Amino acid sequence: MATVKAAARHPLAGQKMRGADMVIQVVVDEGVDTIFGYSGGAILPTYDGIFKYNERNAAQKLNLIVPANEQGAGFMAAGYSRVTGKVGVALVTSGPGATNCVTPVRDAMADSIPLIVICGQVPRAAVGTDAFQEAPVFSIMSACAKHVFLIQNEQELEATVRTAFHIARSGRPGPVVIDLPKDVQNWEGVFTGEGHLSMPGYEQRLKQLRDSRMTKEKAAAFFEFVKNAQRPLVYAGGGVINANASAELREFVKTFQIPAVTTLMGIGSLDTTDDLCLHMLGMHGTAYANYAVEDCDLLIAVGARFDDRVAGVPRQFAANAKILHLDIDAAEIGKVKPVDWHHVGDAAVSLRDLLTHGKGVKTDFKAWTSQLMKLKAAHKMNYNRNGEIIQPQQVMEMINEITKGEAIYTTGVGQHQMFAAQFIDFKQPRMWLTSGSMGTMGYGLPAAIGAQVGCPDKIVIDVDGDGSIRMNLGEMETCTTYNLPVKILLLNNLGDGMVVQWQTLFFESRFSGTDKSLHKKDFVKSAEADGFEFARRVEKESDLRKTLEEFIAAKGPAFLEVMTDKNAFVYPMVGPGMSYKDMITGPYIEAREAKANGGDEKLETTAAF
Amino acid sequence: MQPENKHTISVLVSNHFGVLAKVSGMFSARGFNINSLCVGETENPEVSRMTVVVRGDHSVLAQLIQQLNKLVDVIEIQDLTQESFVERELVMIKVNAGQEQRGAVIEVASIFRAKIVDVGQHCMTIEVTGAEGKIRACIDMMRAFGIAELVRSGEIAISRAAK
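Residues numbered from 1 in each chain as written. Chains lettered and ligands numbered in written order. Predicted model: local features only at pLDDT ≥ 70, side-chain atom pairs only at ≥ 80, totals over all residues.

Details of the overall build of chain A
Point 1. Along the backbone of chain A there are 24 helices and 20 strands.
Point 2. With the C-alpha coordinates aligned to their principal axes, the bounding extent of chain A is approximately 75 × 65 × 45 Å.
Point 3. The long-range share in chain A, meaning contacts at least 24 apart out of those at least 6 apart in sequence, stands at 77%. (Helix = DSSP H or I, 4+ residues; strand = E, 2+ residues; numbered from the N terminus. Contact = placed C-beta atoms within 7 Å.)

Structural data, given as C-alpha cells:
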C-alpha cells in the first residue's frame, strides 16, 4: 500500500496551507462530496476552508447542508452514509454544537454506521479553563464513539483525519469524533498528502480479520450442520448490509434453499418480496417469522447479535436449534447465547467462501419451506379493515403498493416505525433507514434529508409519527431550503402510540405524559410556513389512495399528514422478557394456538420489564 | 453459576492522551467491576502497560477481553491468570505508634519485610510490598496499633520467564 501511495504523489503535496484547509482537503480525498454541519466560533476557520475550497474548485464543489440543529447534521450524515455506503461527515462547533451530536454519535455506534464528526474546540491554551462554548468532548464522546481524537499536535492533524476515516469504515464500522482546537485550524504548515497514525494493535486485528478466511475444514463443519438439519433458518442482521454482503446472502439462500428472517436492521438484505424471505423476526416481527424461529432446528445468524428485541429470553430463543454464527465482531460471538459453530470475518467474504466450499452440497428442505409457505399464508400480517378511522397499517399497505419496493424509507421511532417495517417491501439493501438499537425519536426527517442528498434520483419517504417528528421539526425547513424532494408522511394518532400501547398493556391505561390530543400544532400550516408547496392532511379513507399518489408524484418537498386510529396497536407482540411461544398476535392475525389471541388481553408483566 | 474468580489481566496500550479514560470508560459503560487498575510507561515510551484486576466468572472475563480488544488504542491483552506470573502491590500504612509501640511495629514490619519510611512523634509510616495475601496479612496486623492512613498502589503483574 505504501508503494502505491508513493507512486501517486498528492498534487498538493508540499504546499503550505492552514490546518482548516488540510482538514477539508483530506475529507475530499476520502471521497466525501457533502458535509452536514452548523458553523460557530470554534469551527469558523474550517467553514472558511469550505468556502475557499469551493472558490478554487467551482466545477466540483463540496456540498454543504446546514441543519436547524446539530443533531440534525449528525443524522443527515448517518442517512447519507446508510444509503451510499460511504462515510458521512458532520462538522460542528465546540460546546453545544458538539454535545448536540452526542445522540447521533451514540446512535451510529449502536447501529454500526461509519461517521466522522469533526467538532471545533477552544484553542489548546484555553482547554480546561471553562472557556466560552467549551465542553469536555473527548470524555463525553469516548463513552459513545468507536474512537475519539483530540488533536494536540498540529503536525499530526492531516494523518489524524485520514486515520479517522480508516477507523470509521474498517472492521465493524462506527462513528469517529475529531476534537479540533481552533488554533490548530489556524496553524499553517506543509501539506504532505499522505500518512496515517500508527495503530499497531488495531491494524494487527484488522489483518487477523482479513487473514482469517474460512478453511475447507471449517466450511465442512458448517455444512455438516446444514446436512443434518431438517428445518434450517437464516437470521440476517444489519451486518449483512454494512458488509455489502446482500448479493452473497441472496445467492446463499437461493443455492441451498434455506428460508430467512431478518432483523429490523437487516431489512432489505434480502428482497422482502422473495418467497424464502419471511421478513422481520422479534418483538414485533411477523407471526410466521417468529413461528419459523420457534420451529427451526438450525439457526444461521449472519451479522446479527441476538439483541433483546430479538432474543428477549436468550435460553428460550430458537431453543430447539443448533446455532451457527457469522460476525465481524468477535465480541458478539456467544455474548448472549452459546453457539455451536462460529466464524469471525467479513460477511461477504465468509458467505462467498461458504458458497465456494459448499459447491456440490445437496440440500432438500422442500418439506420445511412448504410448511413455512403455509404459515406465511395462514398467519399473514393483518389489521382492522373495517375501522371507521384510517388505520396506520392501511396507509403503509397503500403506499407500498405505490412504491413497490423501490423507494427509500426512513422512520422515527415507535408504532409507525414498526408498521413501516412490517408492511413495506424493499427489493434492495440500503433503502430502509431506521434507528434500530438506540431507538432515537426524531431520526426520520434528518436521515431522509441525508438520504436524499446521497441518492438525489430516488424517492425518499420519511414515515414519521407525531411524537417523533416534533423532535427535529426544525429540519422541515431544511428540505425546502435545499429544495430536496423528501416526502414526509406523518401518521398522526395524537400521542406517543407505542408508549400508549405499553401503558395500556402494562400500566392499566394510565396515559402519563403520552396523550397529545390537547396539542395545538397544525402540522399542515407548519409545513406551509416552511415553504412546502405540497402540504395536505387526510382524514377520510376515501381520500387516502388518491392523495398518497399525488404526494408521491409531487415534485419537490412534500408533506402529508394522515390522521390515524390511536387504537391501532402493533401486533404481533412478544412482550418484554417473554419468549416467542408467548407471542400475542392481536385480534386480526391468526394465531397458531388459540390461547394467544384476543385484542384486549393484558400481557403479564415480568421481572425483565 | 460459575465461581467469581480473581483475574489479573495485562493490557498493552498506545501511550496516548486519554487512553486511560477510554479504557475505564468502557469498563463503567459495560458494568464491569474493576478491583484495581494500574498504568505506566513500558520500556518502549510509545507503549503503556495496564494491569487490571477483575473478579468475575469466565463469561464476564471473556466479554471484558473481547470488548478491550475493540478499543483502537489497545495493542495486546494477556490474561495472566492463564499462566504463571508474579504480582506485586505496594502499600504505605501510617500507623499510630508513639515511643512505646515503635519497637513492636518495627518487629511486625520486619516479619513482612516492610520498611519504615517515615517516623514522627505519634506515628510511623511503613512500606510493604507483596502479593495480595501478604498485603492483607500485614494490614491486619497493623490494625492492632491503629491505622491512621493507608494508600495502595494497586496490583502490577508480569508473566514469569518460560521454562
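Having put the structure on the table, let's press on.
Considering the overall build of chain B
Point 1. If you tally the helices and strands in chain B, you get 4 helices and 8 strands.
Point 2. In terms of overall dimensions, chain B has C-alpha extents of about 55 × 40 × 40 Å along its principal axes.
Point 3. Among the 163 residues that make up chain B, the fraction classed as buried is 27%. (Buried ≥ 20, exposed ≤ 12 C-beta atoms within 10 Å, placed from the backbone.)

As for the domain arrangement of chain A
Residues and elements named next belong to chain A.
Point 1. By domain assignment, chain A separates into domain 1 (2-203), domain 2 (212-378) and domain 3 (392-563).
Point 2. One C-alpha centre belongs to domain 1, the other to domain 2, and the line joining them spans 37 Å.
Point 3. Each partner contributes residues to the interface: domain 1 has 6 residues there, and domain 2 has 6 residues.
Point 4. Across the side of domain 1 that touches domain 2, the residue classes break down as 1 nonpolar, 3 polar and 2 charged. (Domains from an automatic or database assignment. Nonpolar A, V, L, I, M, F, W, Y, C, P; charged D, E, K, R; others polar.)

Remarks on the packing of helix α2 (residues 19-29) of chain A against helix α3 (residues 44-56) of chain A
All names here are of chain A.
Point 1. Viewed as axis vectors pointing N to C, α2 and α3 meet at an angle of 60 degrees, and their least axial separation amounts to 8 Å. Taken as axis vectors, α2 and α3 run oblique relative to one another. Viewed along their axes, α2 and α3 form a crossing whose handedness is right-handed. Between α2 and α3, the contacting residues are Ala-20, Asp-21, Val-23 and Ile-24 on the first element and Pro-45, Thr-46, Asp-48, Gly-49, Ile-50, Lys-52 and Tyr-53 on the second. (Axes fitted to C-alpha atoms, helices over the stretch in contact; angles between N-to-C directions. Parallel < 35°, antiparallel > 145°, perpendicular 65-115°, else oblique. Left-handed = near helix turned anticlockwise from the far one by under 90°.)

Comments concerning the nonpolar core
Inside soluble globular proteins, nonpolar side chains tend to come together where they are buried.
Point 1. Formed by 205 residues in total, the largest nonpolar core has its most connected members in Ile-116, Ile-178, Leu-233 and Ala-292 of chain A.
Point 2. At 7 residues, helix α4 (residues 70-84) of chain A tops the list of elements feeding residues into this core.
Point 3. Apart from the residues within four sequence positions on either side, Ile-116 of chain A is in contact with Val-87, Val-89, Ala-164, Phe-165, Ala-168, Val-176 and Ile-178 of chain A.
Point 4. Counting 14 residues, the second-largest nonpolar core is a separate cluster that includes Ala-109, Ala-114, Ile-126 and Cys-138 of chain B. (Core = buried A, V, L, I, M, F, W, Y, C linked by C-beta atoms within 7 Å.)

Topic: the interface of chain B and chain A
Point 1. With 15 residues of chain B at the interface, the matching set in chain A holds 16 residues.
Point 2. For the side of chain B that touches chain A, the elements supplying multiple residues, two or more each, are α1 (19-29), α2 (58-69) and β4 (74-79) of chain B.
Point 3. In the side of chain B that touches chain A, the residues fall into 6 nonpolar, 6 polar and 3 charged.

Description of the sheet that holds strand β7 (residues 123-130) of chain B
The strands making up a sheet are joined through hydrogen bonds of the backbone, oriented either antiparallel or parallel.
Residues and elements named next belong to chain B.
Point 1. Pairing in this open sheet of 4 strands is antiparallel, and the strands run β6-β7-β5-β8 from one edge to the other. The sheet terminates laterally at β6 (115-119) and β8 (147-159), the two strands that pair on one side only. When strand polarity is set aside, the average angle formed by the axes of neighbouring strands in this sheet is 15 degrees.
Point 2. Here strand β5 (residues 85-96) runs beside β7; their pairing, made up of 8 bridges, is antiparallel. Each residue of the ladder has a partner; that of Glu-89, found in β7, is Gly-130.
Point 3. Contacting β5, β6 and β7, helix α3 (residues 99-111) runs over the sheet at an angle of about 5 degrees to β7.
Point 4. Against the sheet, helix α4 (residues 132-143) engages β5, β7 and β8, with an angle of about 10 degrees to β5. (Pairing = 2+ DSSP bridges.)

As for the environment of Leu-249 of chain A
All names here are of chain A.
Point 1. Within the element layout of this structure, Leu-249 appears in helix α13 (residues 246-256).
Point 2. Taking the number of C-beta atoms within 10 Å as the measure of exposure, Leu-249 has 25 and is therefore buried.
Point 3. C-alpha of Leu-249 to C-alpha of Gln-394: the two residues are 145 residues apart in sequence and 31 Å apart in space.
Point 4. Residue contacts for Leu-249: discarding those within four places in its chain leaves Ala-236, Val-240, Ser-269, Leu-270, Val-302 and Leu-351.

With respect to the domain arrangement of chain B
Residue and element names in this part refer to chain B.
Point 1. Looking at the assigned domains, one finds that chain B contains domain 1 (5-82) and domain 2 (87-159).
Point 2. Taking only C-alpha atoms into account, the centre of domain 1 sits 28 Å from that of domain 2.
Point 3. Domain 1 puts 9 residues into the contact, and the matching count from domain 2 is 7 residues.
Point 4. Going through the elements one at a time, β1 (5-14), β2 (34-41) and β3 (47-56) are the ones with two or more residues in the side of domain 1 that touches domain 2.
Point 5. The residue inventory of the side of domain 1 that touches domain 2, partitioned by class, reads 4 nonpolar, 5 polar and no charged.

Concerning the packing of helix α11 (residues 216-228) of chain A against helix α15 (residues 347-357) of chain A
Residues and elements named next belong to chain A.
Point 1. For the pair α11 and α15, interaxial distance at closest approach is 10 Å and the crossing angle is 80 degrees. With respect to their mutual orientation, α11 and α15 come out roughly perpendicular. Note on element contacts: α15 touches α11 through Asp-353, Leu-354 and His-357, opposite Lys-216, Ala-219 and Phe-222.
Point 2. Taken together, the residues that form the contact of α11 with α15 break down as 3 nonpolar, 1 polar and 2 charged.

Examining the sheet that holds strand β20 (residues 558-563) of chain A
All names here are of chain A.
Point 1. Taken together, 6 strands build an open sheet; the order of strands is β16-β15-β17-β18-β20-β19 and the sheet is parallel. Lying at the two open borders of the sheet, with one neighbouring strand each, are β16 (432-433) and β19 (534-538).
Point 2. Those strands touched by helix α18 (residues 415-423) are β15 (408-411), β17 (460-465) and β18 (487-492), and its axis lies near 135 degrees from that of β17.

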